[in-house]
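For reference, the chains in residue letters:
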Amino acid sequence: MRRRFEKRVYIALPEAHARAIMFKLNLGDTPNSITEQEFQLLGDKTEGYSGSDIAVVVREALMEPLRRCQLARQFIRVDGKYLPCDEYPNCPYCPMELSNEMIGSPLYTTAKTCVNCNSIRISLYDIKTDELQVPLISYNDFMKALKKAHSSVGPDELLQFVKWTEDFGQEGG
């Protein structure tokens, strides 16, 4: 196999700063609340990750707001849209029963709204699509994604690539 190519070049895994930039690039123009410092932390936490590995982490993190909506038992109305509450109950005074009436229906009068925090005890499937506010991607979404996704290249494999490069590659014999 070595005869087929004139040279084989080893390209090292990206460094922390490059990984932070890859997170930004893969996230694109998706609305998020991640600060520059948090992007740098993501770069630091993903030592040994390839560009492909980072793309997988970003795709996994992009699903977290949807999962939050699916798991939410309470929503709060913000600017005419329903945003899932992060905790359940949202406050100690929140009612614990689910409303089984569709929002917007004429019968929608018994919804369990908290008098303290104004959250409403409903599920995602009770909300009309145009009335749902999907949460922004956050740093915590990436932390959850990092628990599920791992580096695809192990340290032992990296050493093999370096040795091969020394022996046969661009700098080798």
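Check the entry above for the structure.
Here's a quick rundown of the structure. Quick caveat, the model's predicted, so the values are computed rather than measured. (Residues numbered from 1 in each chain as written. Predicted model: local features only at pLDDT ≥ 70, side-chain atom pairs only at ≥ 80, totals over all residues. Heavy atoms only, no water.)

### Some points on helix α2 (residues 36–45)
Item 1. Inspection of α2 places F39, L42 and G43 among the buried residues, and these make up the whole buried set. End-on view of α2: buried residues confined to an arc of 100 degrees, all on one side of the axis.
Item 2. Where α2 is buried, its residues contact α1 (16–27) and α4 (139–148). (Buried < 20%, exposed > 50% of the residue type's maximum accessible area, 1.4 Å probe, protein only. Helix = DSSP H or I, 4+ residues; strand = E, 2+ residues; numbered from the N terminus. Arc of directions from axis to C-beta. Contact = heavy atoms within 4.5 Å.)

### Details of the packing of α1 against α2
Item 1. Where α1 contacts α2, the two axes come as close as 7 Å, and the packing angle between them is 115 degrees. Between α1 and α2 the crossing geometry is right-handed. Contacts from A16, H17, R19, A20, F23, K24 and L27 of α1 reach α2 at E36, F39, Q40, L42, G43 and D44.
Item 2. Taken together, the residues that form the contact of α1 with α2 break down as six nonpolar, three polar and four charged. (Axes fitted to C-alpha atoms, helices over the stretch in contact; angles between N-to-C directions. Left-handed = near helix turned anticlockwise from the far one by under 90°. Nonpolar A, V, L, I, M, F, W, Y, C, P; charged D, E, K, R; others polar.)

### What about the pattern of salt bridges?
Any two side chains of opposite charge can pair, so long as their charged atoms come close to each other.
Item 1. For the coordinates displayed, the defined rule picks out seven salt bridges.
Item 2. Close ionic contact of E47 with R19 constitutes a salt bridge, the shortest N to O distance being 3.4 Å. Residue E47 is found in the loop between α2 and α3 (51–71), and its partner R19 is found in helix α1; the two are separated by 28 residues along the sequence.
Item 3. The residue K148 makes a salt bridge to E60 at a minimum N-O spacing of 3.4 Å. (Salt bridge = Lys/Arg side-chain N within 4 Å of Asp/Glu carboxyl O.)

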